[in-house]
Amino acid sequence: MRFAFSDQQLEFAAAVRDLLASCCTPAHVRECWDNETGHSPERWRQLADMGVVGMTVPEAHGGLGMNELDWVLVLEETGRAALPEPIVETVAVGAPMLAEFGPTELADRWLPAIAAGDVIVAVQHQGKPYLAAAGYADLLLLASGNEMHAVPRADVRLVEEQTSVDGARRLFGVDWHRTPGTLIAGGEGGYRTINASFDRGALGAAAQLIGLADRMLEMTVAYAKEREQFGAPIGSFQAVKHHLADALLAVEFARPVVYRAAFSLATGGADRSRDVSMAKAYASDAASAVSKVALQCHGAIGYTVEYDLHLFMKRAWALASSWGDAAWHRERVAMAVLGPVPGALPVEPDPDPLGETLA
Amino acid sequence: MNIVVCVKQIPDPAEPGALDPNTKTLKRDGKLILDESDSYGVEMALQLADAAGGGEVTLVSMAPNSETSGLRTALAMGAAKSVLVSDPALSGTDALGTAKILAAAIKRVEGADLILTATESSDGYTGTVPEQIAELLGLPSITFAKSIAIDGGTVKVQRQTEAGYDECEAPLPAVVSVTAGVVEPRYPSFKGIMAAKSKPVDEVDCAALGIDPGSVGWAGGGQEIVTVEAAPAREAGEVVEDDGTGFEKIVAFLDNLKVI
């Protein structure tokens, strides 16, 4: 059995890395902190033309019909570039949710437009009051009890815009009404839809966190080689070396766990949710640890908004606590391995108990 | 409009290169990638084929160990097929030997209207192969193209010069070398990457091309690498104390470089 990515999967990732190196530089990310929406329509168009946006849309609807093992490296690259677009929501969650669980009318209506790059998706999960990217997404996937609905943004009212710690991430509450025509799934089917989609979103965020952590470490190593103190590059001092080595260990330990979770999702493994939770817990912890090391090794300069590292740290903080933070996912792993602990509170599917506003 | 593009697969410049102590040449046994300077020719060829409303872009390359990963990149961009010359006898081939082999490989492509190359490779830098190919094929050659247009049976080229550009034209078929950076190479789409897997790569050796192995490689090379030494360290610059006439020294220095 071969446990390595195929040449094609590696080539997809390399193509996305090259594209984002030109259209998603730190300067571009900074623009999204400052512009009205936090979004770049031109960049979304480029990603759609490459085939990234439609990669999980079934071939019958104009996409490439690919799975988690195909996109996990691609989303890692979007994290490496701190891509501000809702690529996790659209590619990892939205398109598969409509394709797998949605009625034919909804799938036929939305999937070809997603693949063509004409429709951007924002996703709400149970218990989560706010949606990222709802300000410019065309289609909102909204949770209500055990039901998921696909509602055009034109039919909802956006309320309570929230600022996130990440300036490119704009959050909104949504005032909307359920209609039978927007129902993707309800009842037992709705429960499965919500769970499967949540796992895909958590894996997508975990992949982005690995990319972010890798990039922050790379920036920090470059800085430690360049910045001199006491007549030598700071990277030659043992205390700095230890920090950087610890950061590398955190990333390298988390990465295979994330790839393993992609395998579980793609192959429909029975332990899918446990593996995703291990991945998100490891990736959140790794990215948080690397951003701490990066900030410290950069000295005070890392804290200034004007310095590029800042953009990556803030994205990492926001993602580490969305789609379930490390503590919540560890609890889900414990539940899966040990079963319910007598007297412990049940783990509800509330991935963000603090709410996005604190993220 | 059928266009042949000569492409080289080189060691990734992002990885530190190493010399083979025996042959004193660059080690080329790892994974090779498409030379970036060739991606401009591939893009130019794809644009010309589009503008002509049809035709194929064929790649021609020479590489050790049947290496195709660089070719796949160009095939993913949109080239239709490729000819790869791979033969252990080709190790150590010099610029003229390379031109002989590429010329023979180009002859295998039927109905080529135009042959594009880069001006020089990023790992060899001889900058002579395009003109040698043209001579061996008996075709006109135009170098340093910044733009190319096809008008009936004629290729019209803006040829970059130090002062600006010359307008040149030649009857087709012709060999034109494309200056790096004059077009923006497209990113391969996912569909392109998937399609590249099944595009034909016609792999041939010296015998198939009718080339005597003794006329290429180390045996046929007109060169011998005697020794390799580190480049001399940069010398300290001259420090001029300005006593009010420092500008004259600057003017004299720039004048000596012929930049003013």
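Residues numbered from 1 in each chain as written. Chains lettered and ligands numbered in written order. Predicted model: local features only at pLDDT ≥ 70, side-chain atom pairs only at ≥ 80, totals over all residues. Heavy atoms only, no water.

A. Spatial organisation of the overall build of chain B. Secondary structure summary: chain B contains 8 helices and 11 strands in total. Summarising its shape, the C-alpha atoms of chain B cover approximately 70 × 50 × 40 Å along the three principal directions. Each of the 260 residues in chain B was classed as buried or not, and the buried ones make up 38%. The long-range share in chain B, meaning contacts at least 24 apart out of those at least 6 apart in sequence, stands at 71%. Surface exposure of chain B reaches about 14,000 Å², of which carbon and sulfur atoms provide 51%. A distance of 6 Å separates the average location of the 20 positive side-chain charges in chain B from that of its 38 negative side-chain charges. (Helix = DSSP H or I, 4+ residues; strand = E, 2+ residues; numbered from the N terminus. Buried < 20%, exposed > 50% of the residue type's maximum accessible area, 1.4 Å probe, protein only. Contact = heavy atoms within 4.5 Å. Areas by Shrake-Rupley, 256 points an atom, 1.4 Å probe, with all protein chains shown as cover. Lys, Arg positive; Asp, Glu negative; His and termini not counted. Charge placed at Lys NZ, Arg CZ, Asp CG, Glu CD.)

B. Layout of the sheet that holds strand 1 (residues 3-6) of chain B. Residue and element names in this part refer to chain B. Strands sit in the order 9-8-7-10-6-1-4-5-11 across an open sheet of 9 strands; the sheet is mixed. Two strands bound the open sheet, and with one partner strand each, they are strand 9 (165-171) and strand 11 (201-204). Within this sheet the neighbouring strands show an average axis-to-axis angle of 30 degrees, counted without direction. For strand 5 (residues 81-85) and strand 11, the ladder comprises 4 bridges, and the chain directions are parallel. Directly across from Val-83, in strand 11, lies its bridge partner Asp-202. Contacts from helix 3 (residues 95-107) reach strand 1, strand 4 (57-62), strand 5 and strand 6 (114-118), with the element oriented near 145 degrees to strand 4. (Pairing = 2+ DSSP bridges. Axes fitted to C-alpha atoms, helices over the stretch in contact; angles between N-to-C directions.)

C. Structural view of the packing of helix 7 (residues 187-226) of chain A against helix 10 (residues 308-320) of chain A. All names here are of chain A. Axis separation between helix 7 and helix 10 bottoms out at 10 Å; the angle between their running directions is 155 degrees. Taken together, the axis directions place helix 7 and helix 10 in an arrangement best described as roughly antiparallel. Between helix 7 and helix 10 lies a crossing of left-handed hand. Contacts from Ala-205, Gln-208, Leu-209, Leu-212, Arg-215, Met-216 and Met-219 of helix 7 reach helix 10 at Asp-308, Leu-309, Phe-312, Met-313, Arg-315, Ala-316, Leu-319 and Ala-320. In terms of residue class, the contact of helix 7 with helix 10 is built from 11 nonpolar, 1 polar and 3 charged. (Parallel < 35°, antiparallel > 145°, perpendicular 65-115°, else oblique. Left-handed = near helix turned anticlockwise from the far one by under 90°. Nonpolar A, V, L, I, M, F, W, Y, C, P; charged D, E, K, R; others polar.)

D. Layout of the nonpolar core. Residues A:Ile87, A:Ile184, B:Leu116, B:Ile148 and B:Phe190 are the most contacted members of the largest nonpolar core, which totals 154 residues. With 28 residues, the next largest nonpolar core counts B:Cys6, B:Ala99, B:Val129 and B:Leu137 among its residues. (Core = buried A, V, L, I, M, F, W, Y, C linked by side-chain atoms within 4.5 Å.)

E. Local environment of the environment of A:Arg169. All names here are of chain A. Considering the arrangement of structural elements, one finds Arg-169 in the loop between strand 5 (157-163) and strand 6 (170-175). By relative accessible area, Arg-169 is classed as buried at 13%. Between the C-alpha atom of Arg-169 and that of Ala-318, which follows or precedes it by 149 residues, the distance is 8.6 Å.

F. Inspection of the interface of chain A and chain B at higher detail. With 16 residues of chain A in contact, the opposing surface of chain B contributes 8 residues. At the boundary of chain A with chain B, the tally comes to 1 salt bridge. B:Lys197 serves as the salt-bridge partner of A:Glu11, at 3.4 Å between the closest nitrogen and oxygen. On inspection of chain A and its partner chain B, the count reaches 3 residue pairs in polar contact (both at pLDDT 80 or more). Mapped by element, the contributors of at least two residues to the side of chain A that touches chain B are helix 1 (7-23) and helix 3 (41-50) of chain A. Classifying every residue of the side of chain A that touches chain B gives 10 nonpolar, 3 polar and 3 charged. (Salt bridge = Lys/Arg side-chain N within 4 Å of Asp/Glu carboxyl O. Polar contact = N/O pair within 3.5 Å; in protein donor to acceptor, adjacent residues only side chain to side chain.)

G. The packing of aromatic side chains, seen in detail. Scanning all chains against the criterion turns up 5 aromatic pairs over all chains. Geometrically, the ring pair formed by A:Phe5 and A:Tyr259 is edge-to-face, given 4.8 Å between the ring centres and 90 degrees between the ring planes. Note that A:Phe5 is positioned in the segment before helix 1 and A:Tyr259 in helix 8 (residues 238-266), a separation of 254 residues in sequence. Each ring, one from A:Phe12 and one from B:Phe190, has its centre 4.1 Å from the other, and the planes form 15 degrees; the classification is stacked. Highlighted residues: A:Phe12 in helix 1 and B:Phe190 in helix 5 (residues 190-196), drawn from two different chains. (Phe/Tyr/Trp six-rings, centres within 6.5 Å; stacked < 30°, edge-to-face > 60°.)

H. Quick look at the packing of helix 1 of chain A against helix 3 of chain A. All names here are of chain A. With their axes 11 Å apart at the nearest point, helix 1 and helix 3 run at an angle of 160 degrees to one another. In terms of their interaxial angle, helix 1 and helix 3 are classed as roughly antiparallel. At the point where helix 1 passes helix 3, the crossing takes the right-handed sense. For the pair helix 1 and helix 3, the contacting residues are Ala-15, Val-16, Leu-19, Leu-20 and Cys-23 in the first and Arg-43, Gln-46, Leu-47 and Met-50 in the second. For the contact of helix 1 with helix 3, the residue count by class is 7 nonpolar, 1 polar and 1 charged.

I. How the structure looks around helix 7 of chain A. With 40 residues, helix 7 of chain A extends 58 Å between its outermost C-alpha atoms, agreeing within 8% with the 58 Å of an ideal straight helix rising 1.5 Å per residue. Of all 40 residues in helix 7 of chain A, 29 are buried, a share of seventy percent or more. (Expected span 1.5 Å × (residues − 1).)

J. View of the confidence of the model for chain A. Per-residue confidence for chain A gives a mean pLDDT of 91, with 94% of residues at or over 70. Confidence drops under a pLDDT of 50 for residues 350-359 of chain A, and excluding neighbours within four residues, the segment shows 24 contacts in the predicted structure. (pLDDT = per-residue confidence, 0-100.)

K. Expanded view of the sheet that holds strand 6 of chain A. Residue and element names in this part refer to chain A. Reading across the sheet, the 3 strands line up as 2-6-5 and stay open at both edges, with antiparallel pairing between neighbours. Looking at the sheet topology across the chains shown, the edges are occupied by strand 2 (131-132) and strand 5. Sheet topology places strand 2 next to strand 6; 2 bridges connect them, and they run antiparallel. Of the residues in strand 6, the one forming a bridge with Ala-132 is Leu-171.

L. Broad picture of the pairing of strand 6 of chain A. Residue and element names in this part refer to chain A. Of all 6 residues in strand 6, 5 are buried, a share of seventy percent or more. As paired strands, strand 5 and strand 6 are joined by 5 bridges and run antiparallel to one another. When the bridges of strand 6 are listed, Leu-158 appears paired with Val-174. Hairpin remark: strand 5 followed by strand 6, antiparallel, with 6 residues in the connecting loop.

M. Expanded view of the pattern of salt bridges. All names here are of chain A. Counting across every chain of the model gives 28 salt bridges over all chains. Put simply, Arg-80 and Glu-77 hold a salt bridge, and the shortest N to O gap is 3.0 Å. In this pair, Arg-80 and Glu-77 both sit in helix 4 (residues 68-80), 3 residues apart, roughly one turn of the helix. In this pair, the class of Arg-80 matches that of Glu-77, namely buried. For Arg-255, the salt bridge goes to Asp-214, with nearest N and O atoms at 3.3 Å. With Arg-255 in helix 8 and Asp-214 in helix 7, the pair connects residues that are 41 residues apart, well separated along the chain.

N. Molecular detail of a negative patch on the surface. Residues B:Glu241, B:Asp242, B:Asp243 and B:Glu248 make up a contiguous surface patch of negative charge. Checked against the element boundaries, B:Glu241 lands in the loop between helix 7 (217-220) and helix 8 (246-256). (Patch = residues over 30% accessible without salt bridge, like charges linked within 9 Å, V, L, I, M, F, W, Y side chains within 5 Å.)

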